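As a plain string of letters, each chain reads:
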Amino acid sequence: MSDSPLDPHRAGIDAVDQQILQLLAERRRLVTDIAAAKVQKGLEFHDPAREDRLLAERVAVAREYGLDAGVVVRLWEQILDDSLRVQLTLAGERRLRGRVRSVSYQGAPGAFSHVAARRMFGEDGVEFMGAPTFADAIARVKKGRADAAVLPVENTTSGSIVEVYDLLIANDLAVTGEVRLPVAHRLVGLPGSTLDGITRVLAHPQAVAQCSGFLRGLGAEVVYSWDTAGAAEEVRESGDPSIAAVAGEEAALERGLHVLHPSITDRPDNFTRFLSVAPQRIEVEPGIPTKTSVVLSVGNEPGSLLAILAEFGREGIPLVKLESRPNPDDPWEETFILDFEGNETEEAPSRALDGVGRKARFMRVLGSYPSSDLRPHKRKPVVAPRQHGGTPAEMPAALEVSVPKLARRNGAGDTVVEVGGVAIGGDLDPVLIAGPCAVESRQQVMDCARATRDAGGSLLRGGCFKPRTSPYSFQGLGFEALEMLAEAGKAHGLPIVTEVLSPEHVGPMSEVADVLQIGARNMQNFALLSAVGKVRRPVLLKRGMSATIEEFLQAAEYVLAEGNRQVILCERGIRTFETSTRNTLDLAAVPVLRQLTHLPVIVDPSHAAGSRSLVVPLGRAALAAGAHGLMVEVHPNPAEALSDGPQALLPSDLQLLWG
Ligand code: PEP
Ligand code: MN
């Protein structure tokens, strides 16, 4: 290659990276020793207090070295997660692996189930046996011809594989483990065949469901096959270059086929979850992240399922999945498979299961098994936010406001909006949302994200489409800005909030944004409210500048009524006769809303004030009044800002507000 003046520097970087990798490997070895010691002494694997301490210490040192605190936090979060996974694999799965010598799966060699089985049980001395159907794979275990079977249960694109659920219900086997595998389908054919020449495609029905967009576009005849790897096998045997298969890389390579199209899945993040089943349940040591699966039948009396779910709620046990299947013997009874986070031998889950057992018509625990698929435990921000000043929520509402039914506080507890590991509402500590008024450039939004993260902020805001009073003002950089915002959010581990202006944009924007904002000017744009009500993204609804609290809650009701229950209300100042501030911050709205509704309430002091010097005191007052969070504007160089410069905080001001 060419001699570049950069070469010596690159060599230096390569050497440093090499050292980083060596040190990571060394760290992993130490973690293994710790895991062994923990097993011996019966200590908990997951120690959140130690993690928080460690993270804070690393950030302090990182700052001394002039490193970006946000990057260091994200890096160490990954390192800590990896450490927990290493401990989990060691303690839990090794014992299981040791006992399993033969594993059955559905499909031909190289099928995704085969890949999953190898991932779960390793290759050492284990025999893998493909079976024509799921039922055959299970039958092998029942007849003692295999120690375990590995079966797919759900896919992120095509949904649950109900046939496997029915087999789990019908067969008396235990669930012993799970794995989540990225499933990348490719179009594969014989060497020499071309995409244009394909007239027939062989594919498993699940694969067809996951690649429907591509297959429709291809226009070839689609023929169902029993298995992805089996389809590849048929293509090889046919010798016909006009036939292709939908299969995975492994299945194609093993058969000397070549890839005609490398990525044909509808969604790039296509995952399948597989379970391993065996005749006996396994024991998982306490402290290892664990899931438990249960089969349940309840009668059709009103509220019977609710009563069962309440048992888990009472014990504070998170439910991960609830699958419902009709009971073939009794059309009036539903059978459910329920997965929850926890180990059946721990106190709270075993109390919940006792309660469930008394209320259900049928209950069988399929097993508790280690899971690396649970959501990471929430870590407290390194910089602790200020505490709530007021606790008005429980006071009875004697206010003359008529509140619509879904938004109304009704004694059932507060809505907590969850977004990318951040939770807003209820009794939780308040959160900080910060970022530029408008995304202006990659660098500008990246600077804002860093400042937000360093100050202990939880979400990054940024306008991409700006609702400007004058048509001649800067209107935002649109989807280009959205990309920049997403990139900055990813780089600093912050979910992103951005305003959506029109119903047509709701779909595409909700694919990228974590929270959709409805601006003050659109609070009563009912078409827009209905559109955001239909998507699965939290909505940050700002109060209209001349809207009463009742109208504000009615606007929220539009969103709730469409199905979307994750609504955050935002007070941002209203129009009054007062001219010393851009708007008048209606602080009373905070306790009033908290009394009237269960929805989280945050405050935007930036748009209320219109001037930088007022943002910090107003923000503090809002927290004292009981706000669940603040949303503020920040800019690395407010004098040059394309919108709302006078009210933008400097990055250093954020520390003043939140540090
Ligand atoms: C904003 O937050 O970007 C904004 C435009 O605010 P508002 O809708 O409250 O004016
Ligand atoms: Mn603004």
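Above this text you will find the structure in question.
The text that follows walks through the structure, step by step, so that each part is easy to find. (Residues numbered from 1 in each chain as written. Chains lettered and ligands numbered in written order. Predicted model: local features only at pLDDT ≥ 70, side-chain atom pairs only at ≥ 80, totals over all residues. Heavy atoms only, no water.)

**Examining the sheet that holds strand β9 (residues 243-247)**
Either a parallel or an antiparallel arrangement is found when strands of a sheet pair, and the pairing is made through backbone hydrogen bonds. If you trace the five strands from one edge of the open sheet to the other, you get β8-β7-β9-β6-β10, paired in mixed fashion. The sheet is open, and its two borders are formed by β8 (221-224) and β10 (258-261), each paired with just one other strand. When strand polarity is set aside, the average angle formed by the axes of neighbouring strands in this sheet is 35°. Pairing geometry for strand β7 (residues 200-203) and β9, over three bridges, is parallel. From the neighbouring strand, arginine 200 faces β9, where its bridge partner is isoleucine 243. Along the sheet, helix α9 (residues 228-238) contacts β6 (186-189), β7 and β9; its crossing angle with β9, the most-contacted strand, is approximately 160°. (Pairing = 2+ DSSP bridges. Helix = DSSP H or I, 4+ residues; strand = E, 2+ residues; numbered from the N terminus. Axes fitted to C-alpha atoms, helices over the stretch in contact; angles between N-to-C directions. Contact = heavy atoms within 4.5 Å.)

**Some thoughts on the packing of aromatic side chains**
Working definition: an aromatic ring pair is given by the centre-to-centre distance plus the angle between the planes. Inspection of the entire model under this criterion finds three aromatic pairs. Relative to phenylalanine 340, the ring of phenylalanine 312 has its centre 5.0 Å away and its plane inclined at 45°; by these criteria the two rings are tilted. Of this pair, phenylalanine 312 sits in helix α11 (residues 304-314) while phenylalanine 340 sits in strand β14 (residues 334-341), and the two are 28 residues apart along the sequence. The two residues phenylalanine 312 and phenylalanine 340 agree in class, both being buried. Taking the centre distance of 4.4 Å and the plane angle of 25° together, the rings of phenylalanine 526 and tyrosine 558 count as stacked. Taken as a pair, phenylalanine 526 in helix α16 (residues 526-533) and tyrosine 558 in helix α17 (residues 549-561) lie far apart in primary sequence, 32 residues in all. Judged by relative accessible area, which is 35%, phenylalanine 526 ranks as partly exposed. In this structure tyrosine 558 comes out as partly exposed when scored by relative accessible area, which is 35%. The ring of phenylalanine 271 is capped by arginine 180, whose NZ or CZ atom sits 4.5 Å from the centre of that ring. (Phe/Tyr/Trp six-rings, centres within 6.5 Å; stacked < 30°, edge-to-face > 60°. Buried < 20%, exposed > 50% of the residue type's maximum accessible area, 1.4 Å probe, protein only. Lys NZ or Arg CZ within 6 Å of the ring centre and 35° of its normal.)

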